[in-house]
Each structure stands twice: as structure tokens, then as C-alpha cells.
There are 2 protein chains.
Amino acid sequence: MNKSNISRTAPGESRDRLATIGIIGLGPRAETLLASLLVLDDVEVGAVCDLSDKAVAKILSVFKRHKRRQPKVFKDYHQLLSLPEVDAVLVPTSWNSHLPIAIDALEAGKYAAIEVGGASSLDELWRLVHACERTKGRCMMLENCCYGRNELMVLNMVRQGLFGEIVHCAGGYEHDLRDGLALQGEAGSERAVHNRYRNADLYPTHQLGPIAKLLRINRGNRFLSLTSTASKSRGLQDYARRAAGRDVAFAMGDVVTTVITCAGGETIALTHSVSLPRPYSRNGRVQGTRGIWLEDANGIYIDGVSP
Amino acid sequence: MNKSNISRTAPGESRDRLATIGIIGLGPRAETLLASLLVLDDVEVGAVCDLSDKAVAKILSVFKRHKRRQPKVFKDYHQLLSLPEVDAVLVPTSWNSHLPIAIDALEAGKYAAIEVGGASSLDELWRLVHACERTKGRCMMLENCCYGRNELMVLNMVRQGLFGEIVHCAGGYEHDLRDGLALQGEAGSERAVHNRYRNADLYPTHQLGPIAKLLRINRGNRFLSLTSTASKSRGLQDYARRAAGRDVAFAMGDVVTTVITCAGGETIALTHSVSLPRPYSRNGRVQGTRGIWLEDANGIYIDGVSP
């Protein structure tokens, strides 16, 4: 696309109309995002897109229930992207498609916002970076956990200096997803295929988003290196065998431990664990010269203050 | 020493006398070990050794208080090792001397038992291995945490299969030692010098001992590889500055994260953190296909049992 076609509103530029949002991909995450958009008085959802008539009907019923103007509806997202009135596009599609669609949105002169989790390859990420640079566009990852109550509380405490100088953080995506992942099979959710054929920390952003904020990553600090180590893979296979009598192999290690170093000298330990039984946790830890926060202990200890 | 001089009692061999123990190094750990020995009715502490008259006087007062026969006293541990009646030697000396002394004990035909923490170099460890092989002797590391209440409870649960197949364990030595380590200076405890001049997980055995037991390390399983990553070093310097107005640099990173892989496919994550404020914790975690134990959460979750 020729750059002259791009008519993105610059940050801070005044507007005499509502910002118009398009949503591509109308699954459960789209419903959650729409609920947030419907309480804002300076945006309007002007267009939606999905291949599924059922998903479209469901999202339209939300507009109706809230007495909002019905959006334009598309099955081909390129048609949505060609609408001149759309300023920004939310892309809550599957892990497998949201990056290419975001890149197309940037090329069409739109702001793009993708759901987590991130990308599945370095190549995908470079294509996104190059698209942003080429179009001078912006893509935001909608990492909702950055706005969690714990995470905002701790960020505020860090900014106030209560933990002193931060030297180490930890976090995890510890979520028992066996029911969804072990029993989906090849034809199942687009997400499950990753657990079956890849061995990696597939979903680091919930914990890494908030940690990146408090360590000021890309705001003076940056990630330098990482090691990533997977345990054997047993959880999903064991579950599929017991729950459905199926014998399926999975590539993904049950627990993947990743250790990151930062330019500021901080370290970050991440845990990915979605195939073993346990209550949900983001396993947060922030440790500094004057104190510590530990999510799983539900505890904060401040030097000279705590008993 | 000639092997023919070695008269070690073989395991299971019957004895017509008490086992005679020597203790080399009479600091606080010796007092704790002696308290355990004094309640056993098949051992006798026959000899003790320390360079310090004060330490000797203190330990002798314990024997007197318990109405036990006073042991032989030495300043030179080689003299203690030459006693034919001594079967085994406990070596609760500093980190810097217990391995060479244990090697000398093996060479003298004695069983040896060293306090934690372990060794400070691979070379030291190889010398110990070679001494054991050469003398057909045995050296035991007195890792007390293997016998902690939590650790024995979890080991028992693991053996009963409550957690299913174990895939991941974690542990830490998270101990606020700033007061001792930051203010000791060069002439201080022999331990503090390690924190000042080395950057490593200096003390992994408290957590790794119990984990090694439950993963059957060297009983069919073994450690394969590790990565170890240190954060910046700030805690001790900050503390020394605030508490004593001293500006001292320390080499040791405040948080050292080590990830170990095992032949059985299990992973182990270790945390070493002795220079930042927090309550004491060994930060235990045992995670299997059917459940999890988390020390810091004071929690156990068993699949199909826990709510």
C-alpha cells in the first residue's frame, strides 16, 4: 500500500469525531473487549468481522442489548481494513492469525491491537517490526494482566520506592488447562496445536507484561539474554488417557523455566505450566533491596517495617 | 597411608563396643551435632579438636553437664585421626576447611561426615571422590534439611504416589543474612569471604538435598546439566552503607537462579538469595501429574481431591 493512502490520527491530534474501532475475530475475547469499549464515550465500534455467522449473530446481539448502532459486518477482514472511517483495529483472533492480520492492518494505515499470546516465531515478530517501521504505525499487545489489581498495586509500590532497587522478579502462567488442551485433538482449538507440537514457554506475556513495566523495559532498560529449560511432558498425556482413554503424545514440557537477564542487571524467572493440576496463579515475585512481594504467599515484606 | 592400616567397620558388621566419634571443629554446629549424639546409646564421642581453647572449654562443659566421660582433646586434627579407637569423624568446620579434613580422615581409615555447605570448587570435589575410591571409605554430607518436617512429609507423600509422576521441583536458600555477611569485613567469618569474592549459588544443599532424595538422584536418576544466572549485587552493599556507613563491594549477585535437568526428564529450579530482606524460606515446590506442594503458599493441591 502507498503511504499516501495512510490517514492515521497522530497522538495528541484533536478529532472532531468519535474514534472508530473495527474488531476482527469475534470469539469470547472479542466479547470481553467489546464490554470495555461500550463503557467508553469517545469510541464507537463501527465494523466487525468473522467467518462464523454464529459468532457474528452473538456479537450483534450485544450491540442490540446495549442499544448501540449496529456495526458493519464482514467475512473478509481486508474489506473491513479498507473502510476509511476505521481508525484502529482490535484483533482477538487465534494465536495463529493475529500477527499477520495486525500487519495487514498496519499496511492499511490503521492502529492495530492484538490479543495475547504474542507470536510463535522470531520471523513473525520481525515482520511486525518491519511493518511498524515501514508504515510508522503502532501495534499494541492487549496484555490485560498489566492492569490486574495485584500488578497495579505492586507497580505503584515499586514506583514509590518501597522495595528499594529492584534486582529480581518472577512470574508464571500456571494454569491447569488439561481439559481443553488434552482432549481437543487435531481438529480442536487453534491454540491446542501449539501444546502438541512445540516445546517452549508458549504464553509468557501475562507475567512478563507487568514485570516489563516495573523494570522499565524499552524505557531505559532492555532484555539481554535468556535460558529456557523444559521438563518432560507427562501431564496432558496422563490426563487424556484417564479422561478419555486416548493415548496422545505432546511435545511441550509440563514445566518450562526461563531465566532472563536485563541490561540493568535484573534477572527474571518465568514458569510456564498448563498441563499439571494446581490452582491458577501468575506466581508473581518482585524483590528489591528493601522488600519483597510474593503472590503465592499472599505476602509483602518491607525492611524495617514488617515484623 | 597404606590400606592395610585401615580398620573400618563394614556396614552390617557386628561390634562389641560403642562406635567412637571424633569431632573436628567446635563451633556452634558442633554443639548442635553433639546434642544429637548425646541422646544415642550406641555411640560415644571419644575425641574433640579445635584450635581455640575457648571453643574446647565450651564443648567440654556440655559433656560435664550431661555427666559424660570427657573426650580426648587435640589442637592438631592429625593427632585425633591417628587414634585407633575413633571410627568416624564429624567435621563441622568452616566451608573452607571441611573438605580437606574429611579427605585426611578417609585416608586415616575413618568414616567422615562434613557439615554443609558442600565444596567451593570442582577440584575439591574430585579430590574427595578420589579419596573415597582409593580408601573405599564413605563421606556423608550432614544435610539437616533432608530431615525437616515439611521435607519428610512431602517425601512420604511422593513415595505414596499422591503427586503422581514428579516432573518439576524447586527450592531456595532464601535467608536474610545481611547483618552477618555485610558487616563482617575481611577478618570476619570464613563464610563471608565467599559472598564478597564469588558470584554463584554458594549454598544449594538445603533445598537440593531433599529434592535429590525424592527424585532418587544417584539411585537410578542423576543430574545432567544446569544453567545458573545471577542478578546484580546490591543488597549487602546497600546494607553496609546504611548500617555502618561502609562502602564495600560484593561479587555475589543478590538472587542466583539455577535450573537443573535430570536424566529422568525432571527439572529443578533453585534460588539463592541471602542479601535481601525477607522471611526465611526454603521455597519448596514439588509438582507432579497429580498434584503440587508449594511451601511459600503453605499449600498442597491434589487432583480430584482438593476442591
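Values in this document were obtained by computation on a predicted structure and should not be read as measured data. (Residues numbered from 1 in each chain as written. Chains lettered and ligands numbered in written order. Predicted model: local features only at pLDDT ≥ 70, side-chain atom pairs only at ≥ 80, totals over all residues. Heavy atoms only, no water.)

1. Quick look at the packing of helix H4 (residues 98-107) of chain A against helix H5 (residues 122-135) of chain A
Residues and elements named next belong to chain A.
Move 1: With their axes 9 Å apart at the nearest point, H4 and H5 run at an angle of 10° to one another. In terms of axis orientation, H4 runs roughly parallel to H5. Seen from H4, the contacting residues are Leu99, Pro100, Ile103, Leu106 and Glu107; seen from H5, they are Glu124, Leu125, Arg127, Leu128, Ala131, Cys132, Arg134 and Thr135.
Move 2: Split by residue class, the contact of H4 with H5 holds eight nonpolar, one polar and four charged. (Axes fitted to C-alpha atoms, helices over the stretch in contact; angles between N-to-C directions. Helix = DSSP H or I, 4+ residues; strand = E, 2+ residues; numbered from the N terminus. Parallel < 35°, antiparallel > 145°, perpendicular 65-115°, else oblique. Contact = heavy atoms within 4.5 Å. Nonpolar A, V, L, I, M, F, W, Y, C, P; charged D, E, K, R; others polar.)

2. A few points about helix H10 (residues 235-244) of chain A
Working note: α-helix, 3.6 residues per turn, so residues spaced by three or four point in the same direction.
Move 1: Where H10 of chain A is concerned, the buried positions are Gly235, Leu236, Asp238, Tyr239 and Ala240 of chain A.
Move 2: Its buried side turned inward, H10 of chain A meets helix H7 (178-183) and helix H8 (192-197) of chain A. (Buried < 20%, exposed > 50% of the residue type's maximum accessible area, 1.4 Å probe, protein only.)

3. Notes on the sheet that holds strand S11 (residues 285-288) of chain B
Residues and elements named next belong to chain B.
Move 1: Read from one edge of the open sheet, seven strands run S8-S9-S10-S7-S11-S12-S13, paired in mixed fashion. Bordering the open sheet on either side are strand S8 (223-230) and strand S13 (299-302), each of which pairs with just one other strand. Direction aside, the axes of adjacent strands within the sheet are offset by 10° on average.
Move 2: Alignment of strand S7 (residues 166-174) against strand S10 (residues 267-273), held across seven bridges, turns out to be parallel. (Pairing = 2+ DSSP bridges.)

4. Describing the interface of chain B and chain A
By convention, interface size is frequently given as the accessible area that disappears when the constituent parts associate.
Move 1: Facing the 44 residues of chain B at the interface are 44 residues of chain A.
Move 2: Where chain B abuts chain A, roughly 3,500 Å² becomes buried across the two surfaces, and 56% of that area is made up of carbon and sulfur atoms.
Move 3: Here chain B and chain A share 14 salt bridges between them.
Move 4: Looking at the side of chain B that touches chain A, the elements with two or more residues in it are S7, S8, helix H10 (235-244), strand S9 (256-262), S10, S11 and strand S12 (291-294) of chain B. (Buried area = accessible area lost by both parts, 1.4 Å probe. Salt bridge = Lys/Arg side-chain N within 4 Å of Asp/Glu carboxyl O.)

5. Brief notes about the domain arrangement of chain A
Residue and element names in this part refer to chain A.
Move 1: Per the domain assignment, the segments making up chain A are domain 1 (3-142) and domain 2 (146-302).
Move 2: In this structure, domain 1 and domain 2 have C-alpha centres spaced 27 Å apart.
Move 3: Counting residues at the interface gives nine residues for domain 1, matched by ten residues for domain 2.
Move 4: For the pair domain 1 and domain 2, the summed buried surface comes to about 820 Å²; carbon and sulfur atoms form 61% of the total.
Move 5: When the buried area of domain 1 at its contact with domain 2 is split by residue, Trp95, Asn96 and Val116 rank highest and sum to 61% of it.
Move 6: Counting every contact that joins domain 1 to domain 2 gives zero salt bridges.
Move 7: The interface formed by domain 1 and domain 2 includes four residue pairs in polar contact (both at pLDDT 80 or more).
Move 8: Taken together, the residues of the side of domain 1 that touches domain 2 break down into four nonpolar, five polar and no charged. (Domains from an automatic or database assignment. Polar contact = N/O pair within 3.5 Å; in protein donor to acceptor, adjacent residues only side chain to side chain.)

6. Some details on a nonpolar patch on the surface
All names here are of chain A.
Move 1: On the surface, a cluster of nonpolar side chains totalling about 410 Å² of accessible area is made up of Leu122, Leu125, Trp126 and Val129.
Move 2: One can find Leu122 in helix H5.
Move 3: Exposure remark for Leu122: the relative accessible area of 63% places this residue in the exposed category. (Patch = residues over 30% accessible without salt bridge, like charges linked within 9 Å, V, L, I, M, F, W, Y side chains within 5 Å. Areas by Shrake-Rupley, 256 points an atom, 1.4 Å probe, with all protein chains shown as cover.)

7. Comments concerning the sheet that holds strand S3 (residues 72-74) of chain B
Residues and elements named next belong to chain B.
Move 1: The strand order across the open sheet built from six strands is S3-S2-S1-S4-S5-S6, with neighbouring strands paired in parallel fashion. Each edge of the open sheet is held by one strand with a lone partner, namely S3 and strand S6 (139-141). Averaged over all adjacent pairs, the angle separating strand axes in this sheet is 25°, with direction ignored.

8. Notes on the relation of the copies chain B and chain A
Move 1: Of the two same-sequence chains, chain B is brought onto chain A (RMSD 0.0 Å, axial shift 0.0 Å) by a rotation of 180°. Here the transformation between the copies is reduced to the relation of a two-fold axis. In terms of C-alpha distance to the rotation axis, chain B has Ala297 of chain B as its closest residue, with the C-alpha 2.2 Å off the axis.
Move 2: When the interface residues of chain B are mapped onto chain A, 100% of them again fall at the interface, so both copies present the same face. (Least-squares fit on C-alpha atoms with pLDDT ≥ 70 in both.)

9. As for the packing of helix H6 (residues 149-159) of chain B against helix H9 (residues 205-214) of chain B
All names here are of chain B.
Move 1: The geometry of H6 relative to H9 is characterised by a closest axis approach of 10 Å and an angle of 20° between their N-to-C directions. The orientation of H6 with respect to H9, classified from their angle, is roughly parallel. Two packed elements cross with a definite hand, and for H6 against H9 that hand is right-handed. Touching Glu151, Val154, Leu155, Val158 and Arg159 of H6 are Pro210, Lys213 and Leu214, all from H9.
Move 2: For the contact of H6 with H9, the residue count by class is five nonpolar, no polar and three charged. (Left-handed = near helix turned anticlockwise from the far one by under 90°.)

10. Details of the environment of Glu174 of chain A
Move 1: As for its position among the elements, Glu174 of chain A is in strand S7 (residues 166-174).
Move 2: Glu174 of chain A gets classed as buried once you look at its relative accessible area, which sits at 0%.
Move 3: Linking Glu174 of chain A and Arg282 of chain A, residues 108 residues apart in sequence, is a C-alpha distance of 6.1 Å.
Move 4: Setting aside its immediate chain neighbours within four residues, Glu174 of chain A contacts Thr271, Ser273, Arg278, Pro279, Tyr280, Ser281 and Asn283 of chain A together with Arg285 and Gln287 of chain B.

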